[in-house]
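A closer look at the structure
Spelled out from the first residue to the last, the chains are:
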Amino acid sequence: MNTSPLTIAGVNFDSRLFLGTGKYSSGSVMAESLSATGSELVTVALRRVHTDGRADEILGHLDRGRYRLLPNTSGVRDAKEAILAAELARDALETNWLKLEIHPDPKYLMPDARETLLATEALAKRGFVVLPYIHADPVLCKQLEEAGAAAVMPLGAPIGSNRGLETRAFLEIIIAQSNVPVVVDAGLGAPSHAAAAMEMGADAVLVNTAIAAAADPVAMGHAFRLAVQAGRLAFESGLASRSAKPIAQPTSPLTSFLSAVGV
Amino acid sequence: MSFVDVWQQHDFLSVEKSILNKTAEDVRQALSRARSGLSLDDLQALLSPAAAAFLEEMARLSHELTVERFGRVMQLYAPLYLSNVCANVCTYCGFSAQNRIPRKVLNDQEILADAGVLRGMGFEHILLVTGETSRVGVAYLKNALRVLRPQFSNLSIEVQPLDQPDYEALIEAGLSTVLVYQETYDALTYPKHHLSGPKSDIKYRLETPDRLGRAGVKKIGLGALSGLSEWRADAWFVGLHLRYLEKKYWKTKYSISFPRLRPHEGKDITVTPFYERDLVQAVCAFRIFNQEVELSLSTRESEMFRNHAFRLGFTSMSAGSRTNPGGYSSAPESLEQFEIDDDRSPAEVAGFLRQNGYEPVWKDWDQTYDGFGQSGNLTNSLPAQAGKIRDLASVAS
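Let us look at the structure shown here. These numbers were taken from a predicted model, which means no experiment stands behind them.

What counts, and at which threshold
- Residues numbered from 1 in each chain as written.
- Chains lettered and ligands numbered in written order.
- Predicted model: local features only at pLDDT ≥ 70, side-chain atom pairs only at ≥ 80, totals over all residues.
- Buried ≥ 20, exposed ≤ 12 C-beta atoms within 10 Å, placed from the backbone.
- Helix = DSSP H or I, 4+ residues; strand = E, 2+ residues; numbered from the N terminus.
- Arc of directions from axis to C-beta.
- Contact = placed C-beta atoms within 7 Å.
- Core = buried A, V, L, I, M, F, W, Y, C linked by C-beta atoms within 7 Å.
- Axes fitted to C-alpha atoms, helices over the stretch in contact; angles between N-to-C directions.
- Parallel < 35°, antiparallel > 145°, perpendicular 65-115°, else oblique.
- Left-handed = near helix turned anticlockwise from the far one by under 90°.
- Nonpolar A, V, L, I, M, F, W, Y, C, P; charged D, E, K, R; others polar.
- Pairing = 2+ DSSP bridges.
- Right-handed = clockwise from strand over helix to strand, strands pointing away.

**Thoughts on helix H4 (residues 138-147) of chain A**
Residues and elements named next belong to chain A. Considered for burial, the residues of H4 that qualify are Pro-138, Leu-140, Cys-141 and Leu-144. Down the axis of H4, the buried set is contained in an arc of 160°. They therefore lie on one face. Residues Val-139 and Glu-146 are exposed on H4 and point more than 90 degrees away from its buried face. Where H4 is buried, its residues touch helix H3 (113-125), strand E7 (129-134), strand E8 (153-154) and helix H5 (168-177). Directly after H4, the chain includes Gly-148, whose backbone phi takes a positive value near 110°.

And the structure:
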């Protein structure tokens, strides 16, 4: 059973599972794993690839006919560095799509809200399709949308932590009020986390560590594919409302006075 | 306030005693906090003799945590020795000023000759190493960075401690990372090994990472040279230093190395024991203590050790190292700083890693991140490509 396609910047995606390309034990394991996920959009760290046309372990294993590349700026610390990296990526990888990652903090890789907003605005004006990685901050997501972001990518938990949807309450607000696709980006550690994000109404999820660091990345890639499909199908099918706990009957009903007032 | 103030609050011998008194229960408690965060006291437990009985458990945990954070990858780099001229007299170093060995400072052509060999081997991350002398000062280093910047993705240095403005000038010239090992944090032992020369000032050396943090360098490498004093206490001080720096200079990345004394030119000195088993314990302790720090495995270690230990927490390895200036392209081995113990070529090391399910990573940085453009097809597309790209304020507004 098919779910509806996702559209970002006029491009349709049948798969709502986006992938990272880091942390794999080899380019061939990465390629096999990506294939098992059915993904059509993969992000590539600019710092890891040769930008002068030479072959490398990542680009050499990516079929550009099958996967749209989403270069990311992981490693840059401010808007200025991000814009330079973006221009390099556009030129070297021949795409104007960009996953904007600005983290001045190299330990927890927390995104810088102010610099990300600045860079999103500048890059959108320069013709980039900008997908910013940011905190699950509903106001910031609206500001990014106004600044020209093609989608927003709030984090579910600290990146690489595999902790799941720890920002759930904020993601629900972001999803409820967003006019651009919402891609839950970081911290999804298990297929059930991805399914839960999709059931909430996220438009897509991006996964890397949970698949690349699994004992069997290919099988785990397949598991995530099924989970994302199941979660999306559940969302589109309209989840039945959860049954509430039966409320015990009080001995003195709170509304019994109504009969006494004769209405 | 600098790290010296923190360092002075901890007496080396008391720290050593505290570590020796840790119990199996302390180790269990520390391990139980692996995913919620360890204290500096927990680090003492993991470095203690009591933790030796938990080595297998620590190794498994360290491996798991490293794969989660970094993946099954190993970053490869090579040292490029620019000079072996040194004004210091250090008891343990082949470059020591009193050693009567031929001295050499590479000129531009010689630097490029070695760089060409390293590029041919596939290296993108290069560590520039010198002895400590005014002859090889900031002007020389700046020139070396200028010569090498277009050749590699990432440039690091391991040279004498410098003042903050000097670091700022080198960062401007394309420097990413500075390694500065304290050698030992033991105030009583330090002067016994650093007999004369600028290095004999322990406080200036202790404050070097502070100056680097203020200068805004992207990565700082820390470490103690095991064999000079009691390794457990020295390793703990590295942890203390790391925690202090991470909180104060939060935009900087950190790495730790575990250098051990090696056979070298010069006098025989008494080496305090630090065996391979201890090295594994130290590496695992650091990984469990800090899941984000990079840990480096040197060619000072044997092929056999490296082949087994690489997956226990390390994230980068040198390979094919020559520790003498000009060593890759021409010069004889007699100028070397220390003997290496893994003679395999970088291609052999990379092949070994692949066979064992690890991807060798040659490039994990881009000179764009240091504000530099690339020669070749990108030259005309960026705003101002010749050399350092300046004045980008308008770009972001």
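**As for the nonpolar core**
B:Leu46, B:Leu80, B:Ile126, B:Val283 and B:Ala285 are the most contacted members of the largest nonpolar core, which has 102 residues in total. Leave out the neighbours within four places in its chain, and B:Leu46 touches B:Val27, B:Ala30, B:Ala51, B:Met58, B:Ala285, B:Ile288 and B:Phe289. Counting residues in each nonpolar core, the second largest holds 88 residues, with A:Ala45, A:Leu118, A:Leu171 and A:Ala197 among its members.

**Some details on the packing of helix H4 (residues 40-47) of chain B against helix H12 (residues 231-248) of chain B**
Residue and element names in this part refer to chain B. Their axes nearest at 10 Å, the elements H4 and H12 cross at an angle of 150°. Judged on the interaxial angle alone, H12 and H4 are roughly antiparallel. As for the relative orientation of H4 and H12, their crossing is right-handed in sense. Across from Leu-40, Leu-43, Gln-44 and Leu-47 in H4, the residues of H12 making contact are Arg-232, Ala-235, Trp-236, Gly-239, Leu-240 and Arg-243. Grouping the amino acids of the contact of H4 with H12 by side-chain chemistry returns six nonpolar, two polar and two charged.

**Looking at the packing of H3(A) against H4(A)**
Think of two packed helices as two axes; the pair is described by the angle between the axes and how far apart they sit. All names here are of chain A. The interhelical angle for the contact between H3 and H4, taken along N-to-C directions, is 20°, at an axis separation of 8 Å. Here H4 runs roughly parallel to H3, going by the angle between their axes. Between H3 and H4 lies a crossing of right-handed hand. Side by side, H3 and H4 meet where Ala-113, Leu-117, Thr-120, Glu-121 and Ala-124 of the first sit next to Leu-140, Gln-143, Leu-144 and Ala-147 of the second. Counted by class, the contact of H3 with H4 contains six nonpolar, two polar and one charged residues.

**A word on the interface of chain A and chain B**
The interface is formed by 38 residues belonging to chain A together with 32 residues belonging to chain B. Among the elements of the structure, helix H2 (79-93), H3 and helix H7 (209-212) of chain A are those that each provide at least two residues to the side of chain A that touches chain B. With ten residues, H2(A) is the largest single contributor of residues to the side of chain A that touches chain B.

**Quick word on the pairing of E7(A)**
Residues and elements named next belong to chain A. With respect to burial, E7 is a largely interior element, six of its six residues being buried. Of the two faces of E7, the one holding Val-129, Leu-131 and Tyr-133 and the one holding Val-130, Pro-132 and Ile-134 are both buried throughout. Relative to E7, strand E6 (residues 97-100) is paired through four bridges, and the arrangement is parallel. Within E7, the residue paired with Lys-99 across the bridge is Leu-131. Considered for its hand, the β-α-β crossover made up of E6, H3 and E7 is right-handed. Here two bridges tie E7 to E8, and the two strands are oriented parallel to one another. Looking at the pairing, Ile-134 lines up with Pro-154 of E8.

**A closer look at the environment of A:Glu32**
Residues and elements named next belong to chain A. Take Glu-32: it is sitting in helix H1 (residues 27-37). You can call Glu-32 partly exposed: it has 15 C-beta atoms within 10 Å. Each C-alpha atom of the pair Glu-32 and Val-218 lies 6.2 Å from the other, and the pair is 186 residues apart in sequence.

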